[in-house]
Amino acid sequence: MAKPILMYLSYGHWIGVDPGAVSGKFIEAKINYKYMMACYKELFALRKKYGYNYKIAFPEKSGKGMSLREHVNEIRRYRKKYRVVAVDGHMNAGGGIGAEVIINPNDKYEKYLAECILEELHKAGFDYHAWDGKRATAIHKDASFTFLKAGGVNLILEPGFIDNKTDRKRFDTDREIEAMGKAVARGMVNYYKKYR
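Reading guide: rules and limits
- Residues numbered from 1 in each chain as written.
- Predicted model: local features only at pLDDT ≥ 70, side-chain atom pairs only at ≥ 80, totals over all residues.
- Heavy atoms only, no water.
- Salt bridge = Lys/Arg side-chain N within 4 Å of Asp/Glu carboxyl O.
- Helix = DSSP H or I, 4+ residues; strand = E, 2+ residues; numbered from the N terminus.
- Buried < 20%, exposed > 50% of the residue type's maximum accessible area, 1.4 Å probe, protein only.
- Phe/Tyr/Trp six-rings, centres within 6.5 Å; stacked < 30°, edge-to-face > 60°.
- Arc of directions from axis to C-beta.
- Patch = residues over 30% accessible without salt bridge, like charges linked within 9 Å, V, L, I, M, F, W, Y side chains within 5 Å.
- Areas by Shrake-Rupley, 256 points an atom, 1.4 Å probe, with all protein chains shown as cover.
- Lys, Arg positive; Asp, Glu negative; His and termini not counted.
- Charge placed at Lys NZ, Arg CZ, Asp CG, Glu CD.

Peer 1: Just give me the short version of the pattern of salt bridges, but keep the residues and values in it.
Peer 2: Tallied over the entire structure, the rule returns nine salt bridges. Close ionic contact of aspartate 174 with lysine 34 constitutes a salt bridge, the shortest N to O distance being 2.9 Å. Of this pair, aspartate 174 sits in helix H5 (residues 174-195) while lysine 34 is found in helix H1 (residues 28-50), placing the two residues 140 residues apart along the sequence. The exposed category is assigned to aspartate 174, whose relative accessible area is 52%. Classification of lysine 34 as partly exposed rests on a relative accessible area of 40%. Glutamate 74 serves as the salt-bridge partner of arginine 77, at 3.0 Å between the closest nitrogen and oxygen. In this pair, arginine 77 and glutamate 74 both sit in helix H2 (residues 68-78), three residues apart, roughly one turn of the helix. The structure contains a network of salt bridges with shared partners spanning Glu120, Lys123 and Arg186.

Peer 1: Talk me through the packing of aromatic side chains; I want residue IDs and the actual numbers.
Peer 2: Evaluated as defined, the whole model comprises 15 aromatic pairs. Here tyrosine 11 and tyrosine 33 contribute two aromatic rings whose centre-to-centre distance is 5.3 Å and whose plane-to-plane angle is 65 degrees, an arrangement assigned as edge-to-face. In this pair, tyrosine 11 is assigned in strand E1 (residues 5-11) and tyrosine 33 in helix H1, connecting sequence segments 22 residues apart. Using a relative accessible area of 1% as the deciding quantity, one classes tyrosine 11 as buried. Given the relative accessible area of 17%, tyrosine 33 is considered buried. On the numbers, 5.1 Å between centres and 65 degrees between planes, the contact of tyrosine 109 with tyrosine 195 is edge-to-face. Taken together, the residues span a long stretch of sequence, with tyrosine 109 in helix H3 (residues 108-123) and tyrosine 195 in helix H5 at a distance of 86 residues. You can call tyrosine 195 partly exposed: its relative accessible area is 22%. Among the aromatic side chains, those forming a connected cluster through ring pairs are Tyr11, Tyr33, Tyr40, Phe44 and Phe58.

Peer 1: Tell me about H2, and name the residues and values.
Peer 2: Within H2, the full set of buried residues consists of His71, Val72, Glu74, Ile75 and Tyr78. Buried residues of H2, viewed axially, fall in a sector of 165 degrees; they line one side.

Peer 1: I'd like a description of a positive patch on the surface, backed by residues and values.
Peer 2: A cluster of basic residues, Lys3, Arg69, Arg76, Arg79 and Lys149, forms a positive patch on the protein surface. Tracing the backbone through its elements, the reader meets lysine 3 in the segment before E1.

Written out as structure tokens, the structure is:
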């Protein structure tokens, strides 16, 4: 019998310690925390509404961040009892536009999780960060990131560019940031529905 699935959430950087990218009033760590908290709450709401049996962990829900090494150790600890599905929430910077994810190469499970989350973000109005406008091009494969070395099904998510005025229109209010987090939760649940 397969182990139950556990949804593991992390927000990139650390409020008050490491702000991440900053563009005017937009501070990456704060946006990351807000949308991952919205994701956390939506995962609970969807589980209750539909009777799903996945578990949920967001060790940074108080706002206090963790190091990447701490996350890797925590995910590995959870993997002893659960099939971990982990999302590390960030925002992008550097003048681009649109949502992208980073996964390990040749991992069909991470690829499907990426497709599910990007699809829900696209439905919510987010473009793909892709030269050809296609979802597949917004999935980047790079095993060098520490978060992706924990094992399980993990990805790094960047829904938009904090320094792009067009992108910022999609997350410049708390309501929009909440909607972004809910879209991430729906994507994670779509993955769960296939592999539960």
